[in-house]
Structure formats: structure tokens, C-alpha cells
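Examining the three-dimensional arrangement
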Amino acid sequence: MDMMKKVPIREQDPEVRAHNFDEVCLGYTKEQAMLEATRCLECKNPFCVMGCPVSVPIPEFIHKVKEGDFDKAFEIISECNTLPAICGRVCPQESQCEGKCVRGIKGESVAIGKLERFVADYAMEKGKRRPHSHEKNGKKVAVIGSGPASLACAGDLVKYGYDVTIFEALHEAGGVLLYGIPEFRLPKEDVVKKEIAMLLHMGVKIELNTVVGKSVTIDELMDKEGFDAVFIGSGAGLPKFMGIKGENANGVFSANEYLTRSNLMKAFDENSATPIMRAKKVAVVGGGNVAMDAARTALRLGGEVHIIYRRSEAELPARKEEVHHAKEEGVIFDILTNPVEILTDDNGCVNGIKCVKMELGEPDASGRRRPITIDGSEFVIDVDMVIMSLGTSPNPLISSTTKGLEINNRKCIVADEITGQTTREGVFAGGDAVTGAATVILAMSAGRSAAVGIHDYLCNK
Amino acid sequence: MYEILNAQKLTDDIYSFVVKAQRVASSCLPGQFVIVRSHENAERIPLTICDYDRENSTITLVFQVVGAGSLRLSRLNTGDFLHDVVGPLGCESELCNTDISELKNKNILFVAGGVGTAPVFPQVKWLKEHGVDCDVIVGAKTKDMLIMEDQMKKYATNLYITTDDGSYGRQGLVTKVIEDLVNIEGKHYDMCIAIGPMIMMKFCCITTKALSIPTTVSLNPIMVDGTGMCGACRVTVGGEVKFACVDGPEFDGHLVDFDEAMIRQNIYKTEEGRAYLKEKEGDTHHGGCGHCGGEQ
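These figures come from a predicted structure and were not determined experimentally.

What follows concerns the overall build of chain A. Secondary structure assignment for chain A yields 19 helices and 18 strands. C-alpha atoms of chain A, sized along the principal axes, occupy 65 × 60 × 50 Å. Residues classed as buried in chain A amount to 54% of the 461 residues present. Here the analysis covers contacts within chain A between residues at least 6 apart in sequence; of these, 69% occur between residues at least 24 apart.

What follows concerns the overall build of chain B. Counting secondary structure elements, chain B contains 10 helices and 16 strands. A globule of 296 residues ought to have a C-alpha radius of gyration of about 19 Å, and chain B, at 19 Å, matches this closely. With the C-alpha coordinates of chain B rotated into their principal frame, the extents come out at 55 × 45 × 40 Å. When the 296 residues of chain B are sorted by exposure, 49% land in the buried category. Restricting the contact set of chain B to residue pairs at least 6 apart, pairs at least 24 apart contribute 63%.

A few words on the sheet that holds strand E11 (residues 332-334) of chain A. Residue and element names in this part refer to chain A. Here five strands make up an open sheet; going across it, the order is E8-E16-E9-E10-E11 and the pairing parallel. For this open sheet the edge positions go to strand E8 (252-254) and E11, each flanked by a neighbour on one side alone. Looking at each pair of strands side by side, their axes are set apart by 25° on average, direction ignored. The pairing of E8 with strand E16 (residues 385-388) spans three bridges and is classified as parallel. Note on E16: the bridge partner recorded for serine 254 is methionine 388. Packing against the sheet, helix H14 (residues 255-264) makes contact with E8 and E16, and its axis sits at approximately 80° to E8.

With 35 residues of chain B in contact, the opposing surface of chain A contributes 28 residues. Elements with a contribution of two residues or more to the side of chain B that touches chain A: helix H1 (22-27), helix H2 (68-74), strand E7 (84-89), strand E14 (234-237), helix H9 (258-265) and helix H10 (269-281) of chain B. Broken down by element, the residue count for the side of chain B that touches chain A peaks at six residues, all from E7(B). Its residues assigned to classes, the side of chain B that touches chain A shows 17 nonpolar, eight polar and 10 charged.

Of the consecutive residues B:Gly87 and B:Pro88, the connecting peptide bond is found in the cis state with omega at 0°. Within the fold, B:Pro88 resides in strand E7. The peptide bond linking B:Gly248 to B:Pro249 adopts the cis configuration, its omega dihedral lying at 10°. Tracing the backbone shows B:Pro249 in the loop between helix H8 (244-247) and strand E16 (250-252). Phi is positive for A:Leu336, which is not a glycine, with a value near 50°. Assignment of secondary structure puts A:Leu336 in the loop between E11 and strand E12 (337-344). Overall, A:Leu336 belongs to the buried group, with 21 C-beta atoms counted inside 10 Å. Of note, B:Met148 is a non-glycine position whose phi angle comes to about 60°, a positive value. Within the secondary structure, B:Met148 is located in the loop between strand E9 (135-140) and helix H5 (149-155).

Bringing the nonpolar core into the picture now. Residue and element names in this part refer to chain A. In this structure, Val119, Val230, Val284 and Ile387 are the most contacted members of the largest nonpolar core, which totals 230 residues. Sort the elements by how many residues they give to this core and helix H19 (residues 440-460) lands first, with nine residues. Excluding residues that lie within four positions of it along the chain, valine 284 makes contacts with Ala291, Ala294, Ala295, Ala298, Val305, His306, Ile307, Ile308, Ile387 and Ser389.

The subject of this paragraph is the environment of B:Thr58. Residues and elements named next belong to chain B. As for its placement among the helices and strands, threonine 58 is situated in strand E5 (residues 58-64). On the basis of neighbour count, threonine 58 is assigned to the buried category, with 22 C-beta atoms found within 10 Å. Put simply, threonine 58 and alanine 21 are 37 residues apart on the chain and 5.5 Å apart in space, counted from C-alpha to C-alpha. With sequence-adjacent residues up to four places away left out, threonine 58 is seen in contact with Leu5, Val18, Val19, Lys20, Ala25 and Asp53.

The subject of this paragraph is the sheet that holds strand E4 (residues 163-167) of chain A. Residue and element names in this part refer to chain A. Here five strands make up an open sheet; going across it, the order is E5-E4-E3-E6-E18 and the pairing parallel. Of all strands in the sheet, those bounded by a partner on one side alone are strand E5 (205-207) and strand E18 (427-429). Averaged over all neighbouring strand pairs, the angle between strand axes comes to 20°, with direction disregarded. Where E4 and E5 come together, three bridges link them in parallel fashion. Paired with isoleucine 166 across the two strands is isoleucine 206, which belongs to E5. Contacts from H19 reach strand E3 (140-144), strand E6 (229-232) and E18 within the one sheet, and its direction differs from that of E6 by about 165°.

A few words now on H14(A). Residues and elements named next belong to chain A. Here H14 lies mainly inside the structure; 10 of its 10 residues are buried. Inspection of H14 places Ala255, Asn256, Glu257, Tyr258, Leu259, Thr260, Arg261, Ser262, Asn263 and Leu264 among the buried residues, and these make up the whole buried set. Looking at the buried side of H14, the elements it contacts are helix H11 (176-179), strand E7 (238-239), E8, helix H15 (289-300), E16 and strand E17 (392-393). Immediately beyond the C-terminal end of H14, within one or two residues, lies lysine 266, with a positive phi of roughly 55°.

Turning next to the domain arrangement of chain A. All names here are of chain A. Partitioning chain A into structural domains gives domain 1 (10-125), domain 2 (140-237 + 393-459) and domain 3 (241-390). Using only C-alpha atoms to locate each centre, domain 2 and domain 3 end up separated by 30 Å. Each side of the interface is counted separately: domain 2 has 10 residues, and domain 3 has nine residues. Among the residues forming the side of domain 2 that touches domain 3, the class breakdown is six nonpolar, one polar and three charged.

Quick look at the environment of A:Met34 now. All names here are of chain A. Along the polypeptide, methionine 34 turns up in helix H2 (residues 30-37). Its 18 C-beta neighbours within 10 Å are what place methionine 34 among the partly exposed residues. Sequence separation between methionine 34 and proline 148 is 114 residues, and the spatial gap between their C-alpha atoms is 29 Å. Apart from residues lying up to four places away in sequence, methionine 34 is in contact with Val65, Lys66 and Gly68.

Attention shifts here to the packing of helix H10 (residues 148-160) of chain A against H19(A). Residues and elements named next belong to chain A. At their nearest, the axes of H10 and H19 sit 7 Å apart, and the two run at 35° to each other. Between H10 and H19 lies a crossing of right-handed hand. On H19, the residues touching Pro148, Ala149, Ser150, Ala152, Cys153, Asp156, Leu157 and Tyr160 of H10 are Val440, Ala443, Met444, Ala446, Gly447, Arg448, Ala450, Ala451, Ile454 and His455. Of the residues assigned to the contact of H10 with H19, the class counts are 13 nonpolar, three polar and two charged.

Turning our attention to the pairing of E5(B). Residue and element names in this part refer to chain B. E5 sits mainly inside the fold: seven of its seven residues count as buried. In the sheet, strand E2 (residues 14-20) pairs with E5 via seven bridges, with the strands oriented antiparallel. By the bridge assignment for E5, lysine 20 is matched with threonine 58. Summarising the sheet, strand E4 (residues 45-53) and E5 pair through four bridges and their orientation is antiparallel. Counterpart to tyrosine 52 in the pairing with E5 is isoleucine 59.

Residues and elements named next belong to chain B. Looking at chain B as a whole, the pLDDT averages 90, with 91% of positions reaching at least 70. Averaged over each element, pLDDT in chain B is lowest for H10 (61) and highest for strand E6 (residues 81-82) (97). Confidence over residues 283-296 falls short of pLDDT 50; this stretch has 13 contacts with residues more than four positions distant or in other chains. Interface confidence for the predicted complex, given as ipTM, is 0.88, next to a pTM of 0.90.

Criteria and cut-off values
- Residues numbered from 1 in each chain as written.
- Chains lettered and ligands numbered in written order.
- Predicted model: local features only at pLDDT ≥ 70, side-chain atom pairs only at ≥ 80, totals over all residues.
- Helix = DSSP H or I, 4+ residues; strand = E, 2+ residues; numbered from the N terminus.
- Buried ≥ 20, exposed ≤ 12 C-beta atoms within 10 Å, placed from the backbone.
- Contact = placed C-beta atoms within 7 Å.
- Rg over C-alpha atoms; globule rule 2.2 N^0.38 Å.
- Pairing = 2+ DSSP bridges.
- Axes fitted to C-alpha atoms, helices over the stretch in contact; angles between N-to-C directions.
- Nonpolar A, V, L, I, M, F, W, Y, C, P; charged D, E, K, R; others polar.
- Core = buried A, V, L, I, M, F, W, Y, C linked by C-beta atoms within 7 Å.
- Domains from an automatic or database assignment.
- Left-handed = near helix turned anticlockwise from the far one by under 90°.
- pLDDT = per-residue confidence, 0-100.

Quick look at the structure:
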């Protein structure tokens, strides 16, 4: 084998998968995983671990994979990562662990994410339970939201012995893992639901259909329902729009709405009662992972799909793998392009999107080169659906109904980076609700570190 | 799961459910709504809360069959369970946050159209319980489609019923009653709350604007999550985009872009209509929906 290259991973054929919602990546076999593991140099001072937000002991678990001791590998990962089957699939490894891999200097980095996924899937298939032993300490913690930050926080708190209840606004648990990330990237029944079932098995309780801030407030949870501490992991759920003309036309959706219909409500399935618009030609505005998810969903529902992104391909914030997969499946990338108006027919339905061409100027505050409009470059793309994927901001439902909870100018909850402590005693927060839209692994990491913060707080109370 | 303690058919296509929903019943206020799913895999349907009983932890939902989802919902009976009920969602009526003595000095008019009578009811009841008088106009197409007359009578200071065809009460649209009350019967109103079909609210607002009566409407656009996440319910109010689920559902009616709201409400009409006919007629459906080609 060529030690410079990753062991190729099995994937569904692009032409086939562009028409189904089954998972694209099929994962390594035992043999492939063990072979890939031999590529790890087992560095004494592993940079990969530094690149991991939750510091998984990567060389150690890979060493166990090399030996074929997958059970042990799972135990090692589980010490640091509550949701390995999910992180192995959705972490931006190229900018984290794999980005720092010494192998990557001359050749391709070790496929750390794929190995993590292999180990987690192996354990799940074997029905292996995460090792845990805990005595109940009689204290109650409420966890708000059931996305990655909350699941990770709840998983650790229950291990410390707390009586943990997750409050979820929707009718199913999982947060963005459920409504945001599509089935073909993160299978719901086989991965997300199993990870959540594992938490339930560990003793975490989940109360669905409960909107904290509406159904019950944090004050009530603490004063009337006896919760000793609260973790807010409610995410960043409010979709942004551009504020351009025609944006309220029929056929313009936020990526959140489009993906929620398809993922949570399963509108892609003909047996689902929830409708989803099927378009001939779709424009997805934005270049992040969510934009890729929306584009690839629209493609599977049968349309020609264009990604419209105002910077160049190098600046696309999406994971490389997602961009690669989207291209393979036939998504067309209209880069250095920015919409200025959405055009409609007499019935108020979208029939085109007017755009301008852009060029890159000097770097802006984000360090990326600022896109500048090229004068007189207006042109129209005929589309019958537009999906806006411009990012999200935190929901004010909780901050506006909780006394003493400070938010910053971006409406994010102010919380200590290490402990997650907010300005309100006994209330902690982490994930997108604090940082604004980020990644699953960062949210998970914040959830875990807040679990330590909560534990310290309650031990000293 | 949320038990239906009492299911009733109010008219040919309007139903009332009393549902056990502890968290909603203990925290809801007039003007708020819930989202329900009748079964697993069913649609999420937003429904206004028509009444609530904190002691018994129940809420009353009144809804009209308009599509496949509500048809399926209507087939549930007393003793059955709703798969999901979430809420209360949206902001409470502005009335709840207004000083009571201020409200007592105001002449308040409610205008309810069809199933819109249901969301008007808790506000009228709330005012009465706080010692505030109000007049209520209830409009229906015909006598058989009128709902909640007795309950409304109990709490409204004056109740004016009108039917489009004159089969009961006055004859004509609610807008005519507003004009008659103000222009002919010498009534004066400081504020109006109009709830009903979008088209009714639009014309109510045109009427009240001409009469200089500030008017609040409650919008019922398409929604998915109801917590501000999807943006499906966006409406333009005074040139600004608002999300009805978190910023509303009540807005200043004189600022709402009703034409846009009506277009947006119809987005899934064909798809929804198709599903409705399939559900209603099942194997007996042989065309007429304009989509399946069965008529040929």
C-alpha cells in the first residue's frame, strides 16, 4: 500500500446516491480500519490531540485499532467523546485533528475521523454500552435543548451522579443532529437515536414538547421544580435572511425550514404528511455546511441545484468533504456571485434570482478577502426555489424570560469559557447559544466543560 | 401523549377538543397557541388555545378541517391521545400586559370570523374576569357554521351575530356590522381586535382604518417548529419582516401586508389539497382535485 495515502473508504456511487437519502459514506471494514491504523506514526507529542476540541487520545485508540482490540479503542474514545459515532461523521477533521497530523505534511493525514467512526459503529453494532458506574447524589440538573452541547453535558452529569432531565422543544430529541444534518450524512435511526438511547440507558430523562421560556421558565425550574442547576444548550436557531427584495416570495425558504421539513418531518418520504416543495431549479445561497446539506437535499428531491456564494471556492466555510461530495453529485457552484433580488411571477412565486458578480479585495475582519461587487455585472439565473443559508443567531426565548441572564450584542448568552457559568447563579450555558453558530464538536466540548463547571459549583454549594 | 378528555363536533367541519396538557395549561395566556401532532409522522399543526383550566390542567382547542392533517386530527375521539402538544407558543395578547384601569376606560370591540371565534373567546373571557367590558361581533357564513354562541354570550357585554346569508342574526359581512355600529348605532370604539380568515382581517382593517380605530389582528401563517427556528411564518409588518410564531401572532393590523400573507398561506395549497382528497376519498377518489388526472 501507499503509506502516503489514506486507505480509500467505501462510498455510494455519486450517480446512485444523488437519488436516495441513504448514507453516502459506508465506512471502513475491520481490515481496512486496521490497515489505515498502521499509518499512524504514534507520535510521542501528538499534534492531532491538540487539534481535537475534546482531546481524544488519538494515537492510543488508533494503536488499539491496529491491534484489532476495538473494544478497548472504544473505551479510550469514550473517556473523552460522548458522541463518537456522530463526531466521526460530522467533525471538520481537516481543520482539527487531521489538519495537525504529521503524516499530512508530505502525504495525506491519517483518516482519524473515519477510524473514530469505525470504532463507534463497531461498538454500537455490538450493543456495547459506554462504561459507567455512578451513585446518585440526589441533586437535580435541568439541561435545555437536546443538541450536541446538551447531550454531552447530560452524559457527563449523569456519570457524576446527578439526576438529569433534558427539556426539548421539538417532538423528538437530537436538536441540530436531527433537524439540521441530513440522513445521508448522519443516519437518524442507526446513529443519532442510538446515541440518545445510550444516554437514556445511563439514566438521563428527556421531556419532549417543552419550550423553556414558554412552557416553563428557568426561574420556575429552579424555584418550583427543585433543579439545583441549569445548563442552557439551546443552540443558535434563528435563521438569517438577506433583506433583499422578493425574499418573502413563495419558494424562498430558510435552510432551517427546508432541512427541518426534510430531516425532522421526513418530508422526503412520500408517507410523511408534511409537504416540501419540489423544484426544477434551485439556488442555495451560502457556502457553509448547512448550505451543502440543503443543496444535496434539493438535489435528491429532484432538481438542478446551484450554490451561490459571494467569495471564491477557497473561502467556502463548509467541510472539504461536503464540497467534494456535493460536486460529485452534480451540485453546480456559482462562486463570486451575490444575489441582489429575487424575482417573482404574477402569483408571487419565485421565477428567478438576480445576482451580481464579485471580486476579492483586501482581507476583512474575518481574515478572508472581502468580496466587492463588480459594477454592471448583473445577471439573472432562472430558478423556481431559493434556499437562504446565511447562518443563524441564538433564540431570545430563554434570555428574555430569565432574570439576571446577560447576553452580548450578538444576542449570545454571556458565559465563562471554561466553566460555562453565566451571569445568573446556578445557570450555565454552552454551545451555539454562547458562541453563535459553530460546530457539533465545539458544542460538545462546551457541554462537557460546563458539566465540570456544574459539578464544581454543586460540590461547593 | 396527551389525552383528549372531550371531543365534540361543533359544526360540519369545526371540532373542539379538551386536552390534558399540564405545562401548557399552567402557563398559557389568551392569544397564545400550541402546535399539535395527531399521530407519529403527522404534520405539526398550529392551533390557537380557545380556553384553559389551570386547576384541571386542560386546554380547549377548536379547529376547522382545512387539509389532510386537520382531517386526520378530527377523526380522534374522547379517550384518544394526541401524540404531541407543545406550547404555549407566541406572545400573549397585548391586553394581558395593559393596565386594567386603562382597559376599563376603553371601548373595546372584538370581531370574530368563523373559526376565529375560538381565539377571540379567551380574550373576552379574560377581560370579563378582570372586570372589563367589551363588545363582540361574530360572523359566520350561515347559521349552521356559527360556533360558541352561548359561551360568548356569557362574557361579552354586547354580542352581535351576523351571517353572510342572513340565516341568523344580522345579515352581511362583519365589516358591515362594524360600520353600522359606529355610523348608525352611535357606538364609539377605541380599539378593535379582529381574528378570522386572512381575507376577513384584511377588510376589517380597511374598515377600521377608515374609522380610525386602532386594530390588532392575529395571524395564522404556515409554521413548522413554532419557536422561531424555521422562518416559514414570516410576515411583513410596517415594512419589517417578523416571525409570527415568536414576534406575534398578534400584530398591528393596519401595518400588516395582508396580500403577501395570503399568497404565502397558499404555498402548499395544491400539495395539501391533493393529500386532503387522498385522505378523504381514499380509494374512491377518482378525480376532481385537478391534479391526479382521474377526471379524464
